[in-house]
Each structure stands twice: as structure tokens, then as C-alpha cells.
Amino acid sequence: MGNVIMSCAKVIPQLLTDYPTVSFAFAASSSIDSRAKRQEQRGQTQRFRLYSYMIPKKFGEETFAHYAYDAISCYLLHNRRSGSSKEHIENMFISCYQTLNAIN
């Protein structure tokens, strides 16, 4: 799974070249165990724990402020050069992923 995440993360520097103020937010899916007929709870999913570990290592604090939303397994990379507030980006994220309810 780590290779998939890092492959996706490789696009971030490319996007920063064309859009130097871009920020990123993502929601980590819950794993489903079809044998046990169980779905992982929304907070701190396996994928989220991996994102929270790997993303700060790949992208330090110089360009992005990092925000981890443990309760809903979401992560925000807020570009320090962005003209948008963290709250504005959170609201855009919520409008795209309405099942998140409130990030706060």
C-alpha cells in the first residue's frame, strides 16, 4: 500500500510547478473485511495511519502546514503560499466529501 501512496504523492511536486499555491486534502477509505463482513470504523483507518506517517516524511513543513483529522481519517496539506485560509480549504473539502460532516 505504501508504494501506491508514494506513487500518488509524486504528482504533488508536478502540480506545484504549475500551481505554486495549491493545497491538498484527502480522505482515507475504510478497509472492508468481506470474510468477517466488517468495515473499519471511520476514525484512524489503516490507510490514514499510513498517510499520517508517510506524508510528513515526504513533504516537510517548509511548503505545507500539515493537519491530521484523526476522528474522520482525513489529512490536509495547506500550502503556506496559498491565499486561502485553512478553514476555507476545509469547507471546500467538506463540500466535495459531504459524508465527512464537520472536520472540526
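Read on for an overview of the structure. (Residues numbered from 1 in each chain as written. Predicted model: local features only at pLDDT ≥ 70, side-chain atom pairs only at ≥ 80, totals over all residues. Heavy atoms only, no water.)

Focus: a nonpolar patch on the surface
Phase 1: A cluster of nonpolar side chains, Val11, Leu15 and Tyr19, forms an exposed patch at the surface whose accessible area comes to about 260 Å².
Phase 2: By secondary structure assignment, the location of Tyr19 is in the loop between helix H2 (11-18) and strand S1 (24-27).
Phase 3: Classification of Tyr19 by relative accessible area gives exposed; the value is 52%. (Patch = residues over 30% accessible without salt bridge, like charges linked within 9 Å, V, L, I, M, F, W, Y side chains within 5 Å. Areas by Shrake-Rupley, 256 points an atom, 1.4 Å probe, with all protein chains shown as cover. Salt bridge = Lys/Arg side-chain N within 4 Å of Asp/Glu carboxyl O. Helix = DSSP H or I, 4+ residues; strand = E, 2+ residues; numbered from the N terminus. Buried < 20%, exposed > 50% of the residue type's maximum accessible area, 1.4 Å probe, protein only.)

Some words on the environment of Ser29
Phase 1: Structurally, the position occupied by Ser29 is in the loop between S1 and strand S2 (32-33).
Phase 2: Once the C-alpha coordinates of Ser29 and Arg47 are considered, the two residues, 18 residues apart in sequence, prove to be 6.7 Å apart.

Regarding the environment of Phe48
Phase 1: Here Phe48 shows up in helix H3 (residues 46-58).
Phase 2: Along the chain, Phe48 and Phe26 lie 22 residues apart, while their C-alpha atoms are 9.4 Å from each other.
Phase 3: Setting aside anything within four residues of it in sequence, one finds Phe48 in contact with Ala28, Ala68, Tyr69, Asp70, Ser73, Cys74 and Tyr75. (Contact = heavy atoms within 4.5 Å.)

Observations regarding the side chain of Glu90
Phase 1: Among the secondary structure elements, Glu90 is positioned in helix H4 (residues 86-96).
Phase 2: Owing to a relative accessible area of 6%, Glu90 belongs among the buried residues under this scheme.
Phase 3: A polar contact is formed between the side chain of Glu90 and the side chain of Tyr69, at a distance of 2.6 Å. (Polar contact = N/O pair within 3.5 Å; in protein donor to acceptor, adjacent residues only side chain to side chain.)

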